[in-house]
Amino acid sequence: MTSRTNGEPLVRLAGVNKWFGELHVLQDIDLAIDRGEVVVVIGPSGSGKSTLCRTINRLEAIDKGEITIDGQRLPEEGKELARLRSDVGMVFQSFNLFAHKTILENVMLGPIKVRKQSKGDAQKRARELLDRVGVGAQADKYPAQLSGGQQQRVAIARALAMDPKVMLFDEPTSALDPEMINEVLDVMTSLARDGMTMIVVTHEMGFARRAANRVVFMDGGRIVESAEPETFFTNPTSDRAKDFLSKILNH
Amino acid sequence: MEFLSENWGLIQSAFLTTLSLAVVSGICALLLGTVLAAMRVSPIPALRGLATFYVEIFRNTPLTVVFFFLVFGLVYVDVQFPSRFIAAVAALALYTAAFVCEALRSGINAVPAGQAEAARALGLDFRQSLTTVVLPQAFRTVVPPLGNVWIALAKNTSIAAGFAVTDLTALLQRLANANADQLLLVFAAVVLGYLVITLPSAYGISVLERRLAIVR
């Protein structure tokens, strides 16, 4: 699954630190993600996992350290940053579909405005992607007319329309009703199978077991443990991870 | 009634002056106010500071003082407007832009932060995410407050009467002085002139509000 074109990891965080005022939310984070790798980040709430995810496309700026994507250092604000962000797909907990645009327009917006594709090309591709995530029939509706699970699948299609090098998922199923979680996870699993590089912040342990190459466990702003899913779930080394797993896996 | 028909030409031209004062300065204020609002939410501190300074100056200065400054003050630095009408448009537009800016800014703040984040995450730059994602949604929520600004502007045009622009209020002074016996009729005609502008606006605003409403 890991098809490395060169030795450089696709995403690399080195000595990353971030403070929210007094709170040290990210502490000396080192993390390298290879092409085609699927990394699931788990941990208790407030452990910094969402913030970590958001620093990778600089929705949160870091205070210290370095983040590179495909060998290129994350630029400061401006055109350069916008260009780099277009290569990093992001899926949010609250979907964030553009409320004033139809489903189809949501998926077409990035390719037209950023990639300067023609309307026809963008529309053709958008319809393919919407079919792929199973919401092709809803193309002309507005986001509020769709269920949460459908909206999140549209959000995935919207990110895919940019042909991103890597996809970030920030708790993509946490705002969904239980019966809609699987339809989103199915789309994500098939993406992982197709070789997409993915960083997924989630509480879905089933998905981690099924689709991840590696599980990263965070607590208190630090990466406490990083291991293959089977190793992590059956034989965690840190006490903090054992404690966390005992609390969530009992139910 | 004979009195009205005798002065119909005057009434008509005064009405058109008031209407064009309101419309022209309204459009200018909308454009300038939008630019100011974009500056106030921009990531560049200098732009934010400049726009805030502008808004506080014009929002807190009486409109009559703004008129005075543009008509009599600027002469001292050798700036003169081609006509009193244009000076009045400038005063009304500069003043009203501050209120348009604040109405729009409240609308921008009402758009959930996730909308702009999603736009930026797609690779849209600040200007693109503002113009294609945030502002179109902000405009929808600010139709009622912008409607208030528009109606206030339509009535504020009356201050131009004090600066040699022959609008409805100037007509009121002129006809009332010359025809004291017809005072009520003159008042009625002038008030009706303003109502013809503001009442359909109020209706238009409520239609626009319903048509633009978005489901969240």
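Residues numbered from 1 in each chain as written. Chains lettered and ligands numbered in written order. Predicted model: local features only at pLDDT ≥ 70, side-chain atom pairs only at ≥ 80, totals over all residues. Heavy atoms only, no water.

## Some remarks on the overall build of chain A
Working step 1: Check the secondary structure of chain A and you find nine helices and 10 strands.
Working step 2: Over its C-alpha atoms chain A spans a radius of gyration of 18 Å, differing by no more than 12% from the 18 Å that the globule rule assigns to 251 residues.
Working step 3: For the C-alpha atoms alone, the extent of chain A along its principal axes is close to 55 × 40 × 40 Å.
Working step 4: In chain A, which comprises 251 residues, the proportion classed as buried is 56%.
Working step 5: Residue pairs in contact within chain A that sit at least 24 positions apart in sequence constitute 66% of those at least 6 positions apart.
Working step 6: Entry remark: accessible area of chain A is about 10700 Å², with carbon and sulfur atoms responsible for 45%. (Helix = DSSP H or I, 4+ residues; strand = E, 2+ residues; numbered from the N terminus. Rg over C-alpha atoms; globule rule 2.2 N^0.38 Å. Buried < 20%, exposed > 50% of the residue type's maximum accessible area, 1.4 Å probe, protein only. Contact = heavy atoms within 4.5 Å. Areas by Shrake-Rupley, 256 points an atom, 1.4 Å probe, with all protein chains shown as cover.)

## Some details on the overall build of chain B
Working step 1: Regarding its fold elements, chain B presents 10 helices and zero strands.
Working step 2: For chain B, the succession of helices and strands along the chain, N to C, is α-α-α-α-α-α-α-α-α-α.
Working step 3: For chain B, the spread of C-alpha atoms along the three principal axes comes to 70 × 45 × 25 Å.
Working step 4: For chain B, long-range pairs separated by at least 24 residues make up 78% of all intrachain contacts whose partners lie at least 6 apart in sequence.
Working step 5: Here chain B has roughly 10900 Å² of accessible surface; of this, 68% comes from carbon and sulfur atoms.
Working step 6: Positive and negative charge centroids in chain B, built from 13 and 10 side chains respectively, lie 13 Å apart. (Lys, Arg positive; Asp, Glu negative; His and termini not counted. Charge placed at Lys NZ, Arg CZ, Asp CG, Glu CD.)

## Let's talk about the sheet that holds strand β3 (residues 38-42) of chain A
Residues and elements named next belong to chain A.
Working step 1: Spatial ordering of the open sheet is given by β6-β7-β8-β3-β9-β10, a layout of six strands whose pairing is mixed. The open sheet terminates on both sides in strands that have one partner only, identified here as β6 (88-91) and β10 (222-227). This sheet shows a mean twist of 20° between the axes of neighbouring strands, independent of strand direction.
Working step 2: Where strand β9 (residues 214-219) lies against β10, five bridges are found, and the strand directions are antiparallel. Its bridge partner lying in β10, Val-215 is registered against Ala-227.
Working step 3: In the packing of helix α5 (residues 148-160) onto the sheet, the strands contacted are β6 and β7 (166-170), and the crossing angle to β6 comes to about 170°.
Working step 4: Where helix α9 (residues 239-249) meets the sheet, its contacts fall on β3, β9 and β10, and the angle it forms with β9 comes to roughly 100°. (Pairing = 2+ DSSP bridges. Axes fitted to C-alpha atoms, helices over the stretch in contact; angles between N-to-C directions.)

## A closer look at the interface of chain A and chain B
Working step 1: Taken together, the contacts link 24 residues of chain A with 20 residues of chain B.
Working step 2: For the pair chain A and chain B, the summed buried area comes to about 1900 Å², and 62% of that belongs to carbon and sulfur atoms.
Working step 3: Looking only at chain A, the three residues that lose the most surface to chain B are A:Phe98, A:Ala99 and A:His100, adding up to 28% of its buried area.
Working step 4: Of the charged contacts, one joins B:Asp125 and A:Lys79 as a salt bridge, the two residues approaching to 2.6 Å between their closest N and O atoms. (Buried area = accessible area lost by both parts, 1.4 Å probe. Salt bridge = Lys/Arg side-chain N within 4 Å of Asp/Glu carboxyl O.)

## Observations regarding the side chain of A:Glu171
Residues and elements named next belong to chain A.
Working step 1: Looking at where Glu-171 falls in the secondary structure, it is placed in the loop between β7 and α6 (178-193).
Working step 2: Polar contacts involving the side chain of Glu-171 include one to the side chain of Ser-174, which spans 2.8 Å.
Working step 3: Among residues more than four places away in sequence, those in contact with Glu-171 are Lys-49, Ser-50, Gln-93, Val-201 and His-203. (Polar contact = N/O pair within 3.5 Å; in protein donor to acceptor, adjacent residues only side chain to side chain.)

## Quick word on the state of the cysteines
Working step 1: Summed over the entire model, instances satisfying the criterion amount to zero disulfides over all chains.
Working step 2: In this structure B:Cys101 is not part of a disulfide, and its nearest cysteine sulfur, from B:Cys28, lies 16 Å away. (Disulfide = S-S within 2.5 Å.)

## Description of the packing of aromatic side chains
All names here are of chain A.
Working step 1: Considering all chains together, one arrives at nine aromatic pairs over all chains under this definition.
Working step 2: With 5.4 Å between their ring centres and 75° between their planes, Phe-232 and Phe-233 make a pair best called edge-to-face.
Working step 3: Classification of Phe-232 as buried rests on a relative accessible area of 0%.
Working step 4: Its relative accessible area of 7% is what places Phe-233 among the buried residues.
Working step 5: Over the ring of Phe-98 we find Arg-158; its NZ or CZ atom is 4.5 Å from the centre of that ring. (Phe/Tyr/Trp six-rings, centres within 6.5 Å; stacked < 30°, edge-to-face > 60°. Lys NZ or Arg CZ within 6 Å of the ring centre and 35° of its normal.)

## As for the nonpolar core
Working step 1: Grouped together as the largest cluster of nonpolar side chains are 78 residues, with contacts concentrated most on A:Val11, A:Leu13, A:Ile29, A:Val41, A:Leu52, A:Ile199 and B:Phe67.
Working step 2: Counting residues per element, this core draws most heavily on helix α5 (residues 84-110) of chain B, at 14 residues.
Working step 3: Beyond its immediate stretch of four places on either side in the chain, A:Val41 contacts A:Lys49, A:Leu52, A:Ile199, A:Val200, A:Val201, A:Thr202, A:Val216 and A:Met218.
Working step 4: Among the nonpolar cores identified, the runner-up in size contains 52 residues, and A:Phe95, A:Leu97, A:Ala161 and A:Val187 belong to it. (Core = buried A, V, L, I, M, F, W, Y, C linked by side-chain atoms within 4.5 Å.)

## Some details on the sheet that holds strand β4 (residues 64-69) of chain A
All names here are of chain A.
Working step 1: One open sheet accounts for four strands, arranged β2-β1-β4-β5; its pairing is antiparallel. Among the strands making up the open sheet, the edge pair consists of β2 (23-33) and β5 (72-73).
Working step 2: Strand direction decides the pairing type here: strand β1 (residues 11-20) and β4, joined by five bridges, are antiparallel. Of the residues in β4, the one forming a bridge with Asn-17 is Lys-64.

## Some remarks on the environment of B:Phe69
Residue and element names in this part refer to chain B.
Working step 1: Tracing the sequence through the fold places Phe-69 in helix α4 (residues 63-73).
Working step 2: Assessed through its relative accessible area of 48%, Phe-69 is described here as partly exposed.
Working step 3: Along the primary structure Phe-69 and Ala-91 are separated by 22 residues, whereas in three dimensions their C-alpha atoms are 8.8 Å apart.

## Focus: unusual backbone geometry
Residues and elements named next belong to chain A.
Working step 1: One non-glycine residue, Arg-58, lies in the positive phi region at around 60°.
Working step 2: Within the element layout of this structure, Arg-58 appears in the loop between α1 (49-55) and β4.
Working step 3: Positive phi is not limited to glycine here, since Asp-70 has a value of about 55°.
Working step 4: By the element assignment, Asp-70 lies in the loop between β4 and β5.

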